Structures are given as structure tokens and as C-alpha cells.
Amino acid sequence: MERNPTDLPQVGAIINNARVVRLDAGVGALLALPGPEESMDVDNENESELYDDPIFKAAARIKCAYVHISKAMDSDNRTPDVVFAKTFSVNTIVPTLRILSTSNWVDNVASCATADSIVSSSVLTHMDLQPGAIYRAVPVIANLEGGGVLVQLGGMGIKGLIPASHIFDQAGSADNAYRNKVRMEKYKVGKKVDVRCLVVNMMEKKCVLTAKKSLLSSDAENPINDYATITAGTIATGFISSVTKRGIAVTFYNNVYGKISARKLAEEVGVADPTVDYKVGDVIKVRVQQCTKRTRRNDAEEDSYVLGLSLDISGSSQVLESNNIMNKIVSPGMIIPDKSMKIVELVPSKKVEGREEFIPGHVLVSVKAKYVSSDESLKGSITCKLPFEQIFDSYDKEATESCRSFDDLVMKVLQVGKKIAQEAVVLATTNAKGFPVTPIVSLKPILIETAKSNAKSMKKSSRQVILPAPQTALYMGAYVQGYCARIDNRYGAFIRFLDNLTAIVPKLKGGLDIGLYETVLCKIVAMDVTNGKAPKILLKRVTSTRREVKVSGPVNTLVEKLKPGDSLGDVKVDSFNFARAAVTLLDKKFSGCTIKARIHVTMAEAMDGTPQSMPILIDSDEDVPDNSQDEDKITNYHPFHSWEVGGIVKDAHCVAIDVRDGITYIEVSNRTDERDDEDFPIFVEDPNNVKIGCTVSAIITAVSKQNKGIWVQVSPGCTGFISGVVVSSDEDVLNNMNKHFMIGGRIKCTVLPNQRKEGKFKQVIRLSALENTKTSKLTRGDIIVGRINRSIKQTRAPAVMLEFPEGRIGRCDITELEEVDDWENMPLGRAKSDGDEVENDEDDQDGQRDQRTEGEYRHGLFVQCRILSAGGSGPCEVSLRESRLDGDLDVDEAPEEKEIVHAFVVNTNKKGCFLRLSRNIEGRVILKELSDSFLPDPASMFPAGRLVVGKVKKVNSSKDSTKKGKKNKIMIDLDLRESVLLEDQNKLSFDDIKEGEKHGGVVTRIETYGVFVRLENSEVSGLVHLSECSDDYIKSLSALYDPGDLVKVLVIKADKEEKRIGLSMKASHFEDDDSDDESDDGSDAEMADDSAKLVDDSDDSDDENYVTKLASKMHEMENEDDIEDDSDSSSSSDDDTSASDEDNDDGAQTMDTDVGFNWGTQVETPVSDGDSDSSSDESDSDNDSDDAKKGHRSRKKATAKKQEEKEIAKMEQRLADGTADENPETTADFERLLASDPNSSEYWIKFMAYHLSLADIESARSIANRAFEKIEFRQEGEKLNVWSALITLESKYGTPKSFTETIERASQHNNPKQVYLRVCEMLEKDAANSNGDVAVIKSADDMFSKMCKKFRSKKTVWIAHFRYLLKSGRHDEAHKLWKRSVKSLPDYKHVETMSKFAQLEYEHGSAARARTIFDALLDKNSKRMDLLFVYVDKEIKHGEVEVARRLFERTMNPPSGKKKFKFNDKQMKSLFKKWYRMEDEHGDEDSTMRVKLAAKEYVERSSK
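Remember, predicted model here, so these are calculated numbers, not experimental data. (Residues numbered from 1 in each chain as written. Predicted model: local features only at pLDDT ≥ 70, side-chain atom pairs only at ≥ 80, totals over all residues. Heavy atoms only, no water.)

Focus on the overall build of the protein
Reasoning step 1: Regarding its fold elements, the protein presents 39 helices and 56 strands.
Reasoning step 2: Among the 1504 residues that make up the protein, the fraction classed as buried is 43%.
Reasoning step 3: Counted over contacts in the protein with a minimum sequence separation of 6, partners at least 24 positions apart contribute 61%.
Reasoning step 4: Summed over all atoms, the accessible surface of the protein reaches about 81400 Å², with 48% contributed by carbon and sulfur. (Helix = DSSP H or I, 4+ residues; strand = E, 2+ residues; numbered from the N terminus. Buried < 20%, exposed > 50% of the residue type's maximum accessible area, 1.4 Å probe, protein only. Contact = heavy atoms within 4.5 Å. Areas by Shrake-Rupley, 256 points an atom, 1.4 Å probe, with all protein chains shown as cover.)

Spelled out as C-alpha cells, the structure:
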């Protein structure tokens, strides 16, 4: 009977009242689905006869479903068979089941589940998951290591991943302790959370979810999960998936994403740098502007879309891009209102290659249409361009000399995302050729005022100044206002007006005296309107349009009677700046008086009027000055903000009078508010007369850098300063003073005593802005806000010093900065030099500190701290720990022995390393326990402030060390060696050691009768008797072994009663061992192995004298072999003497001089094989002496004397035969050579190598400096060789700083490109021999990058960098570099550069890629025979003769579709010669004959 799959229910369908018709114990049950035939009665007790039962046969014709035991019931473990059999007994009605699969439709049996979790689940397979769908209360099943969470969707085991970035709404650091704590608590295994599906991968069966609350609560009904369904204007919530300088990408569901450009971000929300304001993972709400479908290039390509987004939810920020629309809205001469232009992009100035001039940058500003058009139906905004030269009326010459200085000047007043609080005038809407361009605007105040005056005045007088445009009717004698656009020393200054109208001020008329970009007033002296559209205009610079008339009159006697406090009536504002306003007294009684009246900013109050200000940046959302406030700028909080020139100030009165040079100066005030304190006079000339404690109102003039305080002006003659610690008690306010204290605003404060008795700030009044200024004594437990001052010398360093009110100083120990579990390495930054640790005056240092040296606790930061102790004359002890702020003042407990602890390094010297575990617990480590390996410079490896981990060896605690508040000093001995920290706790005991076992050990003590060895991983020591130390006779154990030597021993005896073990180190016991330190018979072989081991260990050492010391030691051991020691005392004395003598000969030892440069010499030490024989003979001759010690010394002296005589004879022989000059060995030899030829770089470099062989680095440097002075200036190549040697020396033996400084010095005295090429070549060799050392490779990469950036227009540097990358196997980086080089190099260098790149590809890269480059070059440069010949040579070199042959043939006969170039006879001759030479060397007779025939054919064809 044929079955149809449609007979079964659909997957996911829920069926009620199914009946069990068969039970498979422990496996599952067969259920009959209800239907028309369900009335059957299955009641068969014998399951084994089920298949023969007619009732079952009838049941088989109905639709059935099979439920497996694993899907039958909800259970944490496997469902018991008994429970399953009872629940699913035959003929039982199953209330509900769910169809899972119908794949077995042939048998008409579906797969189902009856477990409640599966029946009620909304997800059965990944096909059920919908991007954007929300799934509630899903259980957490695992927490992943990277911070992600794994949840289960539904009861079928469908798993979904919540990445770490999708747990919280806002992106944060993965190391955030608080977030990790919240995550571990909220997402515990078993807890249920709400999630939303981001993307589903059906093929890989993966699902990514989000738990961000903002995404769960938004767009639930209509999520964006398909480009095709998106409509413009839709408002949706997504998350940021990418942030770059160019903008951000916002992703929704099902990988649907859109982008917002950096310009749009700046325009809409004032964001200057997207990478600063946004982070990947942040949730953001956007509006869809457009969703455009891209045109498919072919039918196989899938549909793609471009989704444009906006942060303007209202949809009002529509940019009007059409130039035609712009020109209808704006026109030259139009005034753009203040606060209507928002800066959206800053384009820096650009240097012109090969020229001294540069192109000034510009600012792109966005202006809403409503500000420039009366058409209400026109929405959106337009973009205008504000050139850098259109901001000020004049510029300093230094500011316009370079791109950098020009840009720095502009960046001080302009910032992306801010509005310009000044009017602007439109200069041009077309270019010089008349084509529409982005409107150009100007902020020059004089041009703005002239344009406004022209717009208001309908009738033009002969004296009126005009801002002309090309269509303006000009005339001789007209006064025009413009700006200097260009200066040409040949002609003069070119003055530009509206819409690119240009005139000239000849140099004979003072044109060269005009500053570049300066606003100038000129008079037209000549015109020519007959030629072209724009007239030719000749100008003359003038200063004014009218003559100045001086008016004088008799002195009014009323002035003499005027007193402070008298009313002056109304006054008119003539001009004003930040500090003062010049006014005129309008009262008639003052007419005719020679009076200069002015109102100081402290004497003024605001009045209604239109603000007049310089360009000031304000936030886009509210009218508040920008954080980076500028002094001498009038802000919204300034009393003069609402004033205007010509305005009337009502009810002014006199506050001070002064007569100088016959002129009366009157200080005027319009303040009507009541005085804050009657004890404080309104006008103060001498600050010493100010009463301490009185309340004043002052004007903020500046906010000090690094939050040091606020400068204020109390009255015209009185300057005040509010220290940061008395500005506020809120640390957030103190750390952001620029945001909370605006320049020009008023602030109430109280006068404090001035503790500064001398210096330039003696006359400054010290003030406080705190309400309570009463002095109070600091007590233990007080919480106070302090300012970190890194200029104060540290007490018990390392620590942070803080400033408190009233000049008090606090100290926070390095251990009290954070909780112990949160300690970080170098929290105070890198260590300072001794010269920095002095108490400095900050008043002249604000903003000059190096932030890299201060770590997280930077200078000027305000912090909240708890007083731990305040007694004594020194600084009070404070803590920044959160637990301390919460009230825990207990002293840290001392650790126990063998406990692993953290500590900070206090100091490292020859005595050891001193640590600090807490404020009252110190630690110490001896030098040998700092590390398992040799440390050449422990002080630099363990600087102050470094966080270390160690094991406690011993605690030297005092009494009552745990008593609260008791200050006790505890000293702890620690061990920082890694082997101690990681050692096995289960060390070997005496009972674990058996006879016949072999162990590693360390020599601990050496005696005349044997060596004591401590077994590895134990505290058990044993004796190796002298007879067991070697298979051969040993004269001196101390000469063969040293304490600390690693050895292998055999246990030959174990006395359990005495707890003693006997050991053996004979080499014969270890002959069959596969060990690296296996030695041959005899003490000499053992000694050789030990010395080899020492040499290997020296690789980790930076001790330059280490090889010399090792050689001395080995030579001493050889001498000791020939000396008989009669007693321990004489032996000890002889050893000391021998060591001393050998140290005197250290200078003869050689040193490795291979510093990456071919020095050209090798200083060798002459070693005489007869020395030991002589010493032995001398020793034999004195054997009869009774005084062994005296005889030993005499033999030494005789040996030394013989050696000296031998060296003198050898030197005389070398001087006689002339070999001394060929192989110099002494300083005298080198000086003699240099005297004969001081210009030889070879001699100078050999001299440097000689000093290096003596480990004298400084002398080698001095030799190089001498060479620079001695070598003639014409010998540039010789000098460069010495510079290269010095750079190589600094690379290996110097510091990074000295290495960099040497390169800079070399660049100043030589061709800098050649210097950098040699440095890069040296670093390239180091990288190739570094065995993959990341630091060495990075150093080479940085130097190559720096070279390419510094000499970007030189092809040699790019080729060198390309070669380096290819040799290193970094082909992808090399190809990216190739693309960069093409953009940087001039066009005429492209061919040679690409040809060289292709050749390098043949040598180190891909031949196929090289052919591609050469083919492209030949297509564009078909007549370049040199390219063809190089191409052919490379193919021949790689054995591709056939390819080379095809190249010649293709040149002669190009393929169809390509143009055949005609070469001249000379080119063809060289081509055939090259071709014939190739065939002659690599071809056969037939191929050479073909070339001859081709040449003959060409000659015949050419002669026709």
C-alpha cells in the first residue's frame, strides 16, 4: 500500500488524546493518533503475539507516532524503565504529543515527543528561529571562558550563544570586575533569561542571541531583518558593530546593517571623533534615510543593498546636496546668522610636493536652511566651506609659514561638532570658471561689518566702503574692503573680494607690506573694464576714508569735585574687550572735559543687547561654552556678553579717579547689586589691604591646567587665586573644572591668608569657594578630597603625595591605592630619575608633565581618601581603598610562612631587593633569590613600583602586631624564584630515597674530603667522598666544583638510623644514561662539560666581562693542576694570589665583536702552549724549597717575566718585518696607522673593534667621535662607514634612546636616506637571525615604516622595504606596501619602482605575480626595451626559456586585438641581438635559425 507523506500531521503539530498501542521496554512506545478509525479496542495482554493480532493489524492502518524514552518525560536523568512502562502502558491515553519528524513516512509513522518541555516549546529546530524574535525565560546551560553565555532554546537541545558584548547595553572592558560579578550572578547555570535572536545559520546550525535590554524592549513587532522590507523613515534600534575614523556601522537582525558617516555624526550630534564617542557593542537608536538596491552586474550576483542611517530621529537633517539649490538659497554677500553654523569636518592644510607653498585647509560647516532662507517648505541643511584663511582679519607671519603652524592656530578655536557663535558672510558660490561649488564663507569681522553696512545702506556715498562683486558698478576713487589672497614678490599683493573678484596692490604702492590673508582697506586708482568679464583693478592701500579731527576744550571744574560713589548718569559704550569697556559720559555737564572713562569687567553687570564676540565654540545642544575654554574670550557668562558698541549703560557711578599726564581717568561701574561684604572695598589697589575672612564676588579669568585652581579678578587692581582643594568638595566637579566654572562668570568666595611670602604671586589674594572655611584638625577616620601632586618629593617612596586645604600634605602608600586583589604592576608609572625627585613649583609647570611617567594616578587628579593617621609633623597617612572608605581601618595582617603573597618593589641595590606588602609590612629578598637565572642588572629588572609574587620564608613580627591602630613594623624574608613558587609541595623525604637510585642535585659545600650535594626536590643532603667524585684522581675539588653547580649523583649508601646518605658522581655510573650532561672519563672531560654548560648559561646574561671571567677561571684551574698543595691554608692563599694575578691579565682576553657590522679585523690573543710547561719546569726546580708559599710566588713571577720578555721580542719582530701594520694588536699600533692615514674608515672601525674586544664600550664610542673630527669633510663615504659602525654598536650595546639619538645625529651629518637604508639593512639582518623574536622583528618593521614615511618620495626606500617583507615571507604585507608606494611616489618613478618590485617577486615571491607586473608595464610602455630585456633575463634565470622566447615573439607579432608598435632600427637591432644571444646559449640550431630568419625578414621589409 503506497503511503503519502501528506497523510501525517505537519512537523510541530500538537495532537491530543493519542493511545499507546505498543510498548518497547526501555526504548519507547508506539502511539496511535486519533482519527476516524480510533474507535478500535486494543487490549492484547501478550505483547509477543502483537504482530499476529488482527486488532494490531487494523491499528497499523491508522496514522501512528513513535515516542522515544528520552523524549517521553521531563527528567534531569534518564527516565527509569519502570516509570516509563507504567506511564506508557498499552491502551493508555496520552493527553498531548508533538510531531517532531515525518521523515519515516513510508511506514506511516512519525516521530513525536510527549515531554511537557518539548510540547510547550516554541523552538524545535533552527528553522523555527526567526531573527528579531524574542524568547522569554530560556535556561542558561554554560558560562564560556571569554565571557559569553550558552542558553537552551526549547526542549530539543537547540543552543544559542550570547556573546560577551551582548550581555550589557553599553560596551565595556572584559576585565571589569563589577561587570564580571553581575554576569556571574545573573547568568548562573540554571537561571532563566530573556533573549532575542540576532542571526541564525541553518547550514552550520548556529544561533547568535542578544540579552541587551534596549534591544529586547524595542521594535518587538516590526524588527529590521530584511533589506527588502525596509522603508525610509523607519525608526529602529540596533547595535554598533564597527567604529572607524570614517564613521560607524549599525547592525540590526539577520546581518542587516547600515552606516553613518563621520561627517553626519558631526553635523547631527557634534561628534568630532567617532572612535572616542562610540564603542563596538553600544545600543543606538537611528532613523532609516534610504535603502537603495545596487544594480547587479550579472545574473549570478545576489541582490545587495545600501542602507543609509541617521541619528536625527525627527528627520529634519536632510542635506541639500544640489549646487543649484544652494545657489538659490545663498548668494555672495549674504550674512549667515551667528550660532547657525555647525562644524562637521576639519580638512588640514596640504603641502605641495616639490614647492615651498602649501594649500590652506578648510572647515566644512552645516547650516540649516531656515537660517538662510525664508521658504518654510525648504527643510534640511546646506554645507558650506570655511577656509582657514577666513577666520581672522590678520595672521602672524609665523602662523602662515607651514602647514602645521597654520593648522595648530585654527585648531585652537575650531572643533568638530561645535557651533560658531559669530556671523559669517558668503564670499563665493562659484569657482573662477563660473561653475557652481560649495559656498565659501568668511568669519573676518571687518568683511562682515562691511557687508552688513552695504546691505543696510541704499544710497552709496563717495566715502562709503564697499565689498564689491563682479557685477558691482565700480568707479575710480571707490573705497573697497577685501583680503590679501596671494603675494607675489614680482608684482605685489592680490586682493580678493566677493565671488572671486580680484585686484592688485602693486609692490610700488606698498603691496609687499601687506600680510598674507590680511583684511585691507584699499582705494581704486585705476581700472580697465574693456577686457573680459571681470575688470582689471589697480588698488592703493589706505588706512581710513576720512581725516581724523582732534577736538579739545577747557577742563570742566566738575571733574575736580568728582568723588567715588558720585552718579555719572548714562554712558555710551565705545569699545570693549575681555577686561575693560571704554565709555563716553553722556551727561552734558561733562562736555568739553578731557576724560577717559572705562568700566572694568569686575565693575560691570550684564544688560540686554546683541552679543558681539570672537569665534567661540559652543555645544550643539545647549548654549554652554566648550570645555577647552580660551582666555580673553567673552563667553555667555561674561558681563559684557550682552553689550554692544554704541549701547547705553544706565545709572553709572564713579568708583575711582586718577589723573595722569593731564588726562583724567575715571573708573565707572553700573553694578546695582548689594555688596557681598561691607569690609571689602569695591575698588582695591593694594591686595594687602584686603581683610581676611570677608566674602567677595569675583570674575573667573582662567582655569589652570591639571586642575590646580581658578584665577579670578576681584577688582581692577586685585587678582585672586582659588586653589583646587578649596574650589569644591565634589571630586567630579574638581576633575572637570572647565565644565563647571566658565570664564567670565562670577563666583562667590572667601578671602584666605596668603601663605606665600615672596615670589611673583605674593600680591595674589588667596580665596576659597567652600562655604565652610573654618580650620579643623584632621583626625583618623575622616574622609577628605585631596589633589595628587607628583611634584612633591615622596615620603617613604613609592607613594602618592596629596594636597589638602590649608597647605596640608598627605601620603598614600602604594599598597593603599587599591584593594590587594586589584593591585596592578607599576601603578605610579615608570620610575623617575634622581633629578626629578625634587620639590618643584607648579606655577610654571602646568601642562608640561609627561603623562606616561605617572600611570593612572596622574598629576592634578582629585581623589577621595580616608585619613589613617594624622599625628606628627610629617604628612598624614591616607588610603584610597574602597574598603577603607567604607570604614575598615584595621591594619593588614602579616602573612604566614610558605604563603604566596604579592608585594611592591621599594628599592633594589647590592644588598638585595626590598619590598612592601602593606603600609606597615616590609619585605626583603637576597639577590640570588630574585630569579632562577642570572640577572645582569637587578635594579633595572626590579624597579620601584613593580608588582612581584613571592613565597614567605620567615616572618620577623613584633608584639601586638594585630592590635588595631597600632603602627608596628614587620619584616618578612621572601623568595621570588619561579622554581620555589612552583615547587612540588610533596618533596622527597629521607625515607623516599633508596640505594641505587640516581638523582639530580646541587652542590652546597666543598671540603677537602668531599662535596656536599642537596638532592633535587628535597631538603636531603649527602656527601660525595673524594674517592667517589671521579673515576680518576682529583687534586683539588674546589677547582672542579663550585657551590651551586648542578650535578647528577648515585645513592650508594643510606643509613636510616643516622639519617645519612652516601653519594657518588663517578662518570662510570652514568655511561648508559641518555642525558645531555653525560661526561667522559677523567676530570678534564668533566671540567669541559661544566665549562660548556657555563657558556650556554651566559646566553641569558648581559655581563660583558663574563667570558673573560670564565677564561680566567679555566686558566686558573689549569695552573692548579701543576701545583701540589701541602695544606688547606697554603692552598687557600695560593688560590687567592693566582686569581689576583690572572685578573691582571684580563685585558688580553678577546670579546665577541660581531655586532651586526663587518668590522674587518679580529683581535686575537696570543696563547703560548709552552706556558704550562714553563710553569711546570719552574715548579719542578723549586720542589726542594721548604717554604711552599714562597716558592709558589717566585714561580709565578718568573713565569710572568718570561711571558713579558716573549711578548716584547714578538713585538720587535713584528715591527721589524712590517706585520704590525697588517694586523695591529695594541693601541700604539692603531694610533700609528691612523696617523699615517686618518681618512681610512677601515682603520677607525678596526680600532673600535679592538676596544670592543676589551669590553670597553665607551672607548669605542670615543674612537668613533674622534673619527668624525679627523676624517676630512670631503670623504663622505668614509664618514658614513664609521657612522654605520657606531649605529651598529649602539644597536647591540647601547640603549634604545642612544640608538635613536645616534641615528638622528648621523642623519644630520650625512645623507639621511643613506643612513636610514643602512640602519634598516642592519636591522633586517638581525631580524633574519633572530629565530622569530617578536621584539627584533617589530623593531625592524618600525624602522622600515619610519623610513618610508620620512622619504616617501624616494623609490629606494620603498624597494628596500619591499625586499625585506618578501625575504621574510610576508607577501600580503608586501603587496599592500606596493599599493601604498604607488600613491606616494611621483608618476615618473612608477615604472622603475614596479620593475624592481617585479624582479624581487622573481627572487623571493611568486613568479606568476612578477609576470603580471611585467606584462602590465610592457602594455603601458611598449617601447621600453630595457623592461623587456629585464623580463627576459629573469625568465632565463628561472629556467623558463620558452616563456622568454614567447616574449620576443609576442613583441614581434602582438596577438590580435593589441596594437603593434613600430620600433626604430636601433631598437630592433638590440632586440635581435638579445634574442640571438639567448638562443645561442639556451636554444638549438633551429631556434637560432628562426631568429636569423626573423631578422632578415625585418631588414628586407624595412628596406622597401
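A word on a negative patch on the surface
Reasoning step 1: Taken together, the side chains of Asp821, Asp822, Glu824, Glu856, Glu882, Asp886 and Asp888 define an acidic patch exposed on the protein surface.
Reasoning step 2: Along the chain, glutamate 882 falls in helix 15 (residues 882–885).
Reasoning step 3: According to the relative accessible area criterion, glutamate 882 is exposed, its value standing at 60%. (Patch = residues over 30% accessible without salt bridge, like charges linked within 9 Å, V, L, I, M, F, W, Y side chains within 5 Å. Salt bridge = Lys/Arg side-chain N within 4 Å of Asp/Glu carboxyl O. Lys, Arg positive; Asp, Glu negative; His and termini not counted. Charge placed at Lys NZ, Arg CZ, Asp CG, Glu CD.)

With respect to unusual backbone geometry
Reasoning step 1: Going from alanine 797 to proline 798, the amide bond is cis rather than trans, its omega being 0°.
Reasoning step 2: Along the polypeptide, proline 798 turns up in the loop between strand 42 (783–788) and strand 43 (799–803).
Reasoning step 3: The backbone of asparagine 254 sits at a positive phi, close to 60°, despite the residue not being glycine.
Reasoning step 4: Among the secondary structure elements, asparagine 254 is positioned in the loop between strand 12 (247–251) and strand 13 (257–261).
Reasoning step 5: A positive phi angle, close to 70°, is found at tyrosine 517, a residue other than glycine.
Reasoning step 6: By the element assignment, tyrosine 517 lies in the loop between strand 28 (502–506) and strand 29 (519–528).
Reasoning step 7: Given a relative accessible area of 8%, tyrosine 517 falls into the buried group.

A short note on helix 28 (residues 1276–1293)
Reasoning step 1: An ideal rise of 1.5 Å per residue puts 26 Å on 18 residues; helix 28 measures up with 26 Å between its terminal C-alpha atoms.
Reasoning step 2: Here helix 28 has its buried residues at Lys1279, Leu1280, Val1282, Trp1283, Ser1284, Ala1285, Leu1286, Ile1287, Thr1288, Leu1289, Glu1290 and Tyr1293.
Reasoning step 3: On its buried face, helix 28 is in contact with helix 26 (1241–1253), helix 27 (1257–1270), helix 29 (1296–1309) and helix 30 (1312–1328). (Expected span 1.5 Å × (residues − 1).)

Some points on the pattern of salt bridges
Reasoning step 1: Within the structure shown, the criterion is met by 45 salt bridges.
Reasoning step 2: The salt bridge involving arginine 881 is made with glutamate 816; its shortest N-O contact spans 3.4 Å. Placement of arginine 881 in the loop between strand 46 (876–879) and helix 15 and of glutamate 816 in the loop between strand 44 (809–813) and strand 45 (862–869) is noted, with a sequence separation of 65 residues between them. Glutamate 816 carries the same exposure label as arginine 881, and that label is buried.
Reasoning step 3: We note a salt bridge from glutamate 1442 to arginine 1445, for which the minimum N-O separation is 2.6 Å. Here arginine 1445 and glutamate 1442 lie together in helix 37 (residues 1441–1452), a separation of three residues that amounts to about one turn.

Some remarks on the packing of aromatic side chains
Reasoning step 1: By the definition in use, this model includes 23 aromatic pairs.
Reasoning step 2: Summarising the aromatic geometry, the rings of tryptophan 823 and phenylalanine 904 are spaced 4.8 Å apart at their centres and angled 50° between planes, so their arrangement reads as tilted. You can see tryptophan 823 sitting in the loop between strand 44 and strand 45 and its partner phenylalanine 904 sitting in strand 47 (residues 900–909), a full 81 residues away along the chain.
Reasoning step 3: The exposure class assigned to phenylalanine 904 is buried, which follows from its relative accessible area of 1%.
Reasoning step 4: Measuring from centroid to centroid gives 3.8 Å for phenylalanine 1268 and tryptophan 1283, while their planes differ by 10°, and the two rings are stacked. Placement of the pair is phenylalanine 1268 in helix 27 and tryptophan 1283 in helix 28, with a sequence separation of 15 residues.
Reasoning step 5: For phenylalanine 1268, a relative accessible area of 12% puts it in the buried group.
Reasoning step 6: Under the relative-accessibility criterion, tryptophan 1283 is labelled buried at 2%.
Reasoning step 7: In this structure an aromatic cluster arises from ring pairing among Phe358, Phe388, Phe392, Tyr395, Phe406 and Tyr517.
Reasoning step 8: Above the plane of the ring of phenylalanine 942 lies arginine 946, whose end atom (NZ or CZ) is 4.4 Å from the centre. (Phe/Tyr/Trp six-rings, centres within 6.5 Å; stacked < 30°, edge-to-face > 60°. Lys NZ or Arg CZ within 6 Å of the ring centre and 35° of its normal.)

Observations concerning the environment of histidine 1069
Reasoning step 1: In this fold, histidine 1069 is placed in the loop between strand 56 (1060–1064) and helix 19 (1083–1097).
Reasoning step 2: What makes histidine 1069 partly exposed here is its relative accessible area of 28%.
Reasoning step 3: Sequence spacing of histidine 1069 and lysine 1048 is 21 residues, and the spatial spacing of their C-alpha atoms is 9.9 Å.
Reasoning step 4: Sequence-distant contacts of histidine 1069, defined by excluding residues within four places in its chain, comprise Lys998, Glu1028, Leu1050 and Ser1064.

Looking at the packing of helix 31 (residues 1334–1350) against helix 32 (residues 1355–1367)
Reasoning step 1: Here helix 31 crosses helix 32 at 155°, and the two axes come no closer than 9 Å. Here helix 32 runs roughly antiparallel to helix 31, going by the angle between their axes. The two elements helix 31 and helix 32 cross, and the hand of that crossing is left-handed. Across the interface between the two elements, Ile1337, Ala1340, Asp1341, Phe1344, Ser1345, Met1347 and Cys1348 from helix 31 touch Val1357, Trp1358, Ala1360, His1361 and Tyr1364 from helix 32.
Reasoning step 2: By residue class, the composition of the contact of helix 31 with helix 32 is nine nonpolar, two polar and one charged. (Axes fitted to C-alpha atoms, helices over the stretch in contact; angles between N-to-C directions. Parallel < 35°, antiparallel > 145°, perpendicular 65-115°, else oblique. Left-handed = near helix turned anticlockwise from the far one by under 90°. Nonpolar A, V, L, I, M, F, W, Y, C, P; charged D, E, K, R; others polar.)

Overview of the side chain of serine 442
Reasoning step 1: With respect to the secondary-structure elements, serine 442 resides in strand 24 (residues 436–442).
Reasoning step 2: With a relative accessible area of 0%, serine 442 lands in the buried category.
Reasoning step 3: Polar contacts involving the side chain of serine 442 include one to the main-chain amide nitrogen of lysine 444, which spans 3.2 Å.
Reasoning step 4: Once you skip the residues sitting within four places of it in the chain, serine 442 turns out to touch Leu386, Gln390, Glu423, Ala424, Val425, Leu427, Leu447 and Ile448. (Polar contact = N/O pair within 3.5 Å; in protein donor to acceptor, adjacent residues only side chain to side chain.)

Details of the side chain of asparagine 454
Reasoning step 1: Looking at where asparagine 454 falls in the secondary structure, it is placed in helix 11 (residues 445–456).
Reasoning step 2: For asparagine 454, a relative accessible area of 16% translates into the label buried.
Reasoning step 3: At 2.8 Å, the side chain of asparagine 454 and the backbone nitrogen of leucine 467 are in polar contact.
Reasoning step 4: Other than its neighbours up to four places away in sequence, asparagine 454 contacts Gln464, Val465, Ile466 and Leu467.

So, the confidence of the model for the protein
Reasoning step 1: The predicted model of the protein has a mean per-residue pLDDT of 77, with 78% of residues at 70 or higher.
Reasoning step 2: Note on residues 1–5: pLDDT is under 50 here. Beyond four places in sequence and across chains, it has six contacts.
Reasoning step 3: Predicted confidence is poor over residues 609–628, with pLDDT under 50, and the contacts of this stretch with residues over four places away or in other chains come to 60 contacts. (pLDDT = per-residue confidence, 0-100.)

Brief notes about the sheet that holds strand 37 (residues 695–703)
In a beta sheet, neighbouring strands are held together by backbone hydrogen bonds and run either parallel or antiparallel to one another.
Reasoning step 1: On the basis of which strands lie adjacent, the closed barrel formed by five strands has the order 37-38-39-41-40 and mixed pairing. Neighbouring strand axes in the sheet, compared pairwise and without regard to direction, differ in orientation by 50° on average.
Reasoning step 2: Sheet topology note: the strand 38 (residues 709–715)/strand 39 (residues 718–723) ladder contains six bridges and is antiparallel. Counted as the bridge partner of tryptophan 711 is phenylalanine 721 from strand 39. (Pairing = 2+ DSSP bridges.)

Topic: helix 34 (residues 1390–1404)
Reasoning step 1: For helix 34, with 15 residues, the first-to-last C-alpha span of 21 Å sits near the 21 Å given by 1.5 Å per residue.
Reasoning step 2: Helix 34 sits mainly inside the fold: eleven of its 15 residues count as buried.
Reasoning step 3: Buried within helix 34 we find His1390, Val1391, Thr1393, Met1394, Ser1395, Phe1397, Ala1398, Gln1399, Leu1400, Glu1401 and Tyr1402.
Reasoning step 4: On the buried face of helix 34, the contacting elements are helix 32, helix 33 (1371–1384), helix 35 (1407–1420) and helix 36 (1425–1437).

Digging into the nonpolar core
Reasoning step 1: Core analysis: the biggest nonpolar cluster contains 83 residues, and Val1319, Met1347, Phe1472 and Trp1475 have the highest contact counts within it.
Reasoning step 2: Not counting residues up to four positions away in its chain, the partners in contact with phenylalanine 1472 are Met1452, Val1491, Ala1494, Ala1495 and Tyr1498.
Reasoning step 3: Within the second largest apolar cluster, 33 residues are counted, among which are Ala266, Ile382, Val413 and Val441. (Core = buried A, V, L, I, M, F, W, Y, C linked by side-chain atoms within 4.5 Å.)

Some remarks on the pairing of strand 53 (residues 1010–1015)
Reasoning step 1: Most of strand 53 sits inside the fold, with five of its six residues counted as buried.
Reasoning step 2: Pairing of strand 52 (residues 998–1007) with strand 53, which is carried by six bridges, proceeds in the antiparallel orientation. Among the inter-strand pairings, arginine 1005 is bridged to a residue of strand 53, identified as phenylalanine 1012.
Reasoning step 3: Sheet analysis places strand 53 next to strand 54 (residues 1021–1025), joined by five bridges and oriented antiparallel. Note on strand 54: the bridge partner recorded for glycine 1010 is histidine 1025.

Details of the environment of glutamate 423
Reasoning step 1: Counting through the fold element by element, glutamate 423 comes out in the loop between strand 22 (419–420) and strand 23 (424–430).
Reasoning step 2: When its relative accessible area of 25% is taken as the criterion, glutamate 423 is described as partly exposed.
Reasoning step 3: C-alpha separation for the pair glutamate 423 and glutamate 449, spaced 26 residues apart in sequence, amounts to 9.6 Å.
Reasoning step 4: Leave out the neighbours within four places in its chain, and glutamate 423 touches Ile335, Ile336, Pro337, Asp338, Ser442, Leu443, Ile448 and Lys452.
Reasoning step 5: Among the polar contacts listed, one links the side chain of glutamate 423 to the side chain of lysine 452, at a separation of 3.0 Å.

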